[in-house]
Amino acid sequence: MMRAALLFCCALLPACAAAQEDSDWIAYRDAYRQMIWFEKYGKPKQFLQNHFRLRPRDKNLSMEGVHLSLNGKNTQVALTLDVLGRATFPFSRAAYDDNAELVVNRKAGQFTAGPWVSIVTRPDGMYAAADLRTACDQLLAYLHYAGEGGGKHCAGVQFAYARGDAAQVQFRAANGALVTLASKEGPAFAGDVVQSFRVFAYRFAAFPEAGQVITSSTPLAIAPMLE
Amino acid sequence: MNKLLPLILLPLCGVAQAEDRTPMMPDGSRDMYAGIGLATSNAEAAGENRPVVLRPLLQVEWSNGIFVSSSGVAGLDLSHSGGVEYGPLLMFSNSRDPRDNRRLRGSHPISGSLDAGAFLNYYLGDDARLRTSLVYDTSAHGLRGEAGVQKSWSGLVPHHTFSLSASVTLASDPVMRERYEVSRAAGGARDYRPDGGVAAVAAGANWNWALSSKWLLTSGVAVTRLGSGPAGSPVVERRTFTTWSSGLAYRF
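Residues numbered from 1 in each chain as written. Chains lettered and ligands numbered in written order. Predicted model: local features only at pLDDT ≥ 70, side-chain atom pairs only at ≥ 80, totals over all residues.

Some details on the overall build of chain A
Per the secondary structure count, chain A includes four helices and 15 strands. With respect to the three principal axes, the spread of C-alpha positions in chain A is 80 × 40 × 35 Å. Evaluated residue by residue, chain A yields a buried proportion of 34% over its 227 residues. The long-range fraction of contacts in chain A, counting pairs at least 24 apart against all pairs at least 6 apart in sequence, stands at 77%. (Helix = DSSP H or I, 4+ residues; strand = E, 2+ residues; numbered from the N terminus. Buried ≥ 20, exposed ≤ 12 C-beta atoms within 10 Å, placed from the backbone. Contact = placed C-beta atoms within 7 Å.)

What about the confidence of the model for chain A?
Averaged over every residue, the pLDDT of chain A is 89; the share at 70 or more is 91%. In this model residues 13-19 of chain A is a low-confidence stretch, pLDDT under 50, and it forms five contacts with partners more than four residues away in sequence or in other chains. (pLDDT = per-residue confidence, 0-100.)

A look at the nonpolar core
Y28, A31, L132, V157, A160, A188 and A221 of chain A are the most contacted members of the largest nonpolar core, which has 65 residues in total. Here V157 of chain A is in contact with I119, L132, A135, C136, Y202, I222, A223, P224 and M225 of chain A, once residues within four sequence places are set aside. (Core = buried A, V, L, I, M, F, W, Y, C linked by C-beta atoms within 7 Å.)

Some words on the domain arrangement of chain A
Residues and elements named next belong to chain A. If you check the domain split of chain A, you get domain 1 (22-117) and domain 2 (124-226). Relative to domain 2, the C-alpha centre of domain 1 lies at a distance of 25 Å. Contacts between the two partners involve 15 residues from domain 1, matched on the other side by 17 residues from domain 2. In terms of residue count, the dominant contributor to the side of domain 1 that touches domain 2 is strand β2 (residues 48-56) (three residues). Tallied by class, the residues present in the side of domain 1 that touches domain 2 amount to nine nonpolar, no polar and six charged. (Domains from an automatic or database assignment. Nonpolar A, V, L, I, M, F, W, Y, C, P; charged D, E, K, R; others polar.)

Quick notes on unusual backbone geometry
Of note in the backbone geometry, N99 of chain A takes a positive phi value of approximately 55° without being a glycine. Backbone geometry at H141 of chain B places phi at a positive 60°, although glycine is not the residue there. Tracing the backbone shows H141 of chain B in the loop between β7 (128-137) and β8 (142-153).

Now the structure itself:
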């Protein structure tokens, strides 16, 4: 009994020490197990991408200066985060066997961390309307597989830019007619607390089925609109 | 059954495997927890004392789907798709002797055995899953089944995971009688012969605290209410009882 109590106290010491630090950790093995779901998904996913995402819990939290690194026994690799907190996840057996940690230079509780699926952007900025519908359907199907998105349907997709970005998003119908989409301020992804992005909603029902969406520059993210 | 400590809660996507047979961990890797814990002894061992004891804590999972746990369970996950796990299961059950305790007078001696069966877990989404298992008890020569539901929350407080579970355990006639039948001729207080049915229903709560990526503190409490068959047996002292466990494990 005493021995267990002693062990318990010893174990708490590092935790208390960690609470004082301005950094937080995620067990690489846990992250790996979550991230591998997308890799193993066997249904169509050519329009999708999966990132490891640090999602802010506070709307005033900026991703500026936030660093994520993978710390193993003998290695330390910096992972690049985009402005939405997304990083390409390194699948590594060595890191898994090392029981490595993903370390972020912020206090615990400022982010939720985990897999984040979004629609891939195109370098030419031209998206066939049919492809965007397929992309949204693929994403919804994936969420169903992962046990989310129940009872929702694809209403459209949303292009997000940084606030102040002068980008334009237009819809070109099959007959060549151009319609400019309206922008508003909002979150890059539904449910995000950070709302300060310039977003263009492309609602499928509001446009003809055949056509193209043309973006003047590459958006930060293309998100599904699930309703 | 020899449920010493609840299985350490792995992330719910835990041992699931998907279409292309890629394991949930790198090929050839394993995930192992080893440590020590305090626990009230067996919830199933009605009629026996339930002292607090120090127990080893071990859980290992390999990339080929094999898992073993110090709770007396071993199995192989054969699933080819995410969201579901199934496969063969081995469970160790405790031995018991009528001379162990005054209350057990007139009951059957039980030899510890290795019981074989199968398990099926189904993920409901939102960090909830259904868990079922069916095993053949090789000492009693009968079937024992368990069905339960578990829901966990990991985002509430960083590094803490909470879960709630509820389950029902069913036993066939021979399994029920091996444990709860009493005969006056063998020294029991009175003759008692239960039929198969609900052996117990239980509700539990579990709390895992990851102190670091290596150290995990796991604690659980469960309230068990025995079915009417066991409850009427002279070996059973209390129909409803609480068991708990707490342990510290290192992740290798």
